[in-house]
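Here are the chains, one letter per residue:
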Amino acid sequence: DINKRSGYNDVTVIDGSFHKKAPKKGAYGYDVTDEVLNTLLADDSTCTHFLFTNGDNFYIRNFVEQIRPSILKGKQLIAWDFLSHQYLEKNSYNVIKVKIGIGEVDLGSVLVDRRAIQGK
């Protein structure tokens, strides 16, 4: 189980099936992401960090172990490079070097601390 492997005992996968409205056209599902995030923030949950990902993202087996040191150091935003399944002419290996900015990061390549979202 992921909690045992990482040594970090609060990893939780959220089932977003409570969302009953159809996603808005042209929003690419981000309206659903916003609703899930608002639900999590309104909850008295012990979740300290959030990672939203898409169904086509894969993570290495020791992913949580790799980011754990940054979490323990109190980093509020942790990002990592990733491979894209889309062919990119500029890079035949499809490696995306993440930069914090519009169009430079993927939804599933950033972990955000709850404090950063809530402005605390």
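Values in this document were obtained by computation on a predicted structure and should not be read as measured data.

Some points on the overall build of the protein
Inference 1: The helix and strand tally for the protein stands at four helices and five strands.
Inference 2: Secondary structure elements in the protein, listed N-terminal to C-terminal, are α-α-β-α-β-β-β-β-α.
Inference 3: Out of the 120 residues belonging to the protein, those deemed buried represent 26%.
Inference 4: Contacts in the protein between residues at least 24 apart in sequence constitute 56% of all its contacts with a sequence separation of at least 6.
Inference 5: When the accessible area of the protein is evaluated, it comes to approximately 9,000 Å², of which 53% is carbon and sulfur surface.

Structural notes on the pattern of salt bridges
Close approach of charged atoms allows side chains of opposite charge to pair.
Inference 1: Tallying each qualifying case throughout the model produces two salt bridges.
Inference 2: Linking Asp-81 and Lys-97 is a salt bridge whose minimum nitrogen-to-oxygen distance equals 3.5 Å. Here Asp-81, found in the loop between strand 2 (77-79) and strand 3 (82-83), pairs with Lys-97, found in the loop between strand 4 (95-96) and strand 5 (110-113); they are 16 residues apart in sequence, far enough to count as distant.
Inference 3: Since its relative accessible area comes to 38%, Asp-81 is described here as partly exposed.
Inference 4: Overall, the relative accessible area of 54% leaves Lys-97 in the exposed class.
Inference 5: For the salt bridge of Arg-115 with Asp-113, the shortest nitrogen-to-oxygen distance reads 2.7 Å.
Inference 6: Here Arg-115 falls in the partly exposed class, since its relative accessible area comes to 36%.
Inference 7: Classification of Asp-113 by relative accessible area gives buried; the value is 4%.

As for the sheet that holds strand 1 (residues 49-50)
Inference 1: Taken together, the three strands give an open sheet; going across it, the order is 1-5-2, and neighbouring strands pair in antiparallel fashion. Since the sheet does not close on itself, it has two edges, and those belong to strand 1 and strand 2, each with one partner.
Inference 2: With three bridges connecting them, strand 2 and strand 5 associate as antiparallel partners. If you follow Ala-79 over to strand 5, its bridge partner there is Val-110.
Inference 3: Across the sheet, helix 3 (residues 63-72) lies against strand 1, strand 2 and strand 5, angled at about 155° from strand 2, the strand it touches most.

Focus on the pairing of strand 5
Inference 1: In this sheet, strand 5 lies alongside strand 1 in antiparallel orientation, the contact comprising two bridges. Note on strand 5: the bridge partner recorded for His-49 is Asp-113.

As for the side chain of Asp-113
Inference 1: Mapped onto the fold, Asp-113 is located in strand 5.
Inference 2: At a separation of 3.4 Å, a polar atom in the side chain of Asp-113 contacts the side chain of His-49.
Inference 3: Excluding residues within four positions of it along the chain, Asp-113 makes contact with Thr-48, His-49, Lys-75 and Gln-76.

Some words on the side chain of Thr-33
Inference 1: Residue position: Thr-33 is located in helix 2 (residues 30-42).
Inference 2: If we ignore the near neighbours within four places in the chain, the residues touching Thr-33 are Phe-52 and Leu-107.

As for helix 3
Since the α-helix advances by 3.6 residues per turn, residues separated by three or four positions end up pointing in the same direction.
Inference 1: Inspection of helix 3 places Phe-63, Val-64, Ile-67 and Ile-71 among the buried residues, and these make up the whole buried set. Each buried residue of helix 3 lies within a common arc of 80° when the element is viewed along its axis, so the set occupies one face. Residues of helix 3 that are exposed and angled more than 90 degrees away from the buried face: Gln-66 and Leu-72.
Inference 2: Gly-74 occupies a position one or two residues after helix 3 and carries a positive phi of about 85°.

How each quantity is defined
- Sequence order sets the numbering: in each chain, residues are counted from 1 along the sequence as written.
- In keeping with the predicted nature of the model, local features appear solely for residues at pLDDT of at least 70, side-chain atom pairs appear and are counted solely at 80 or more, and the whole-chain, interface and lining totals rest on all residues.
- As a rule here, side-chain values cover all heavy atoms of the structure and leave hydrogens and water aside.
- Only runs of H or I of at least four residues qualify as helices and only runs of E of at least two qualify as strands under DSSP, and these elements are numbered from the N terminus.
- Accessibility here uses a 1.4 Å probe with only protein chains present; expressed as a share of the type maximum, an area under 20% marks a residue as buried, one over 50% as exposed, and anything in between as partly exposed.
- Residues count as neighbours in contact if any of their non-hydrogen atoms are within 4.5 Å of one another.
- The Shrake-Rupley method, run with a 1.4 Å probe sphere, supplies the accessible areas, and residue values consider only the shown protein chains as cover.
- Put simply, a salt bridge is a Lys or Arg side-chain nitrogen that is within 4 Å of an Asp or Glu carboxyl oxygen.
- Any two strands between which DSSP finds at least two bridges are classified as paired.
- Axis angles are defined between N-to-C directions and span 0 to 180 degrees, where every axis is a line fitted to C-alpha atoms and, for a helix, only to the segment in contact.
- Definition of a polar contact: a pair of N or O atoms within 3.5 Å, with one able to donate and the other able to accept a hydrogen when the atoms are protein atoms, and with sequence-neighbouring residues admitted only if both atoms are side-chain atoms.
- Working note: the arc is built from the helix axis to C-beta atom directions.

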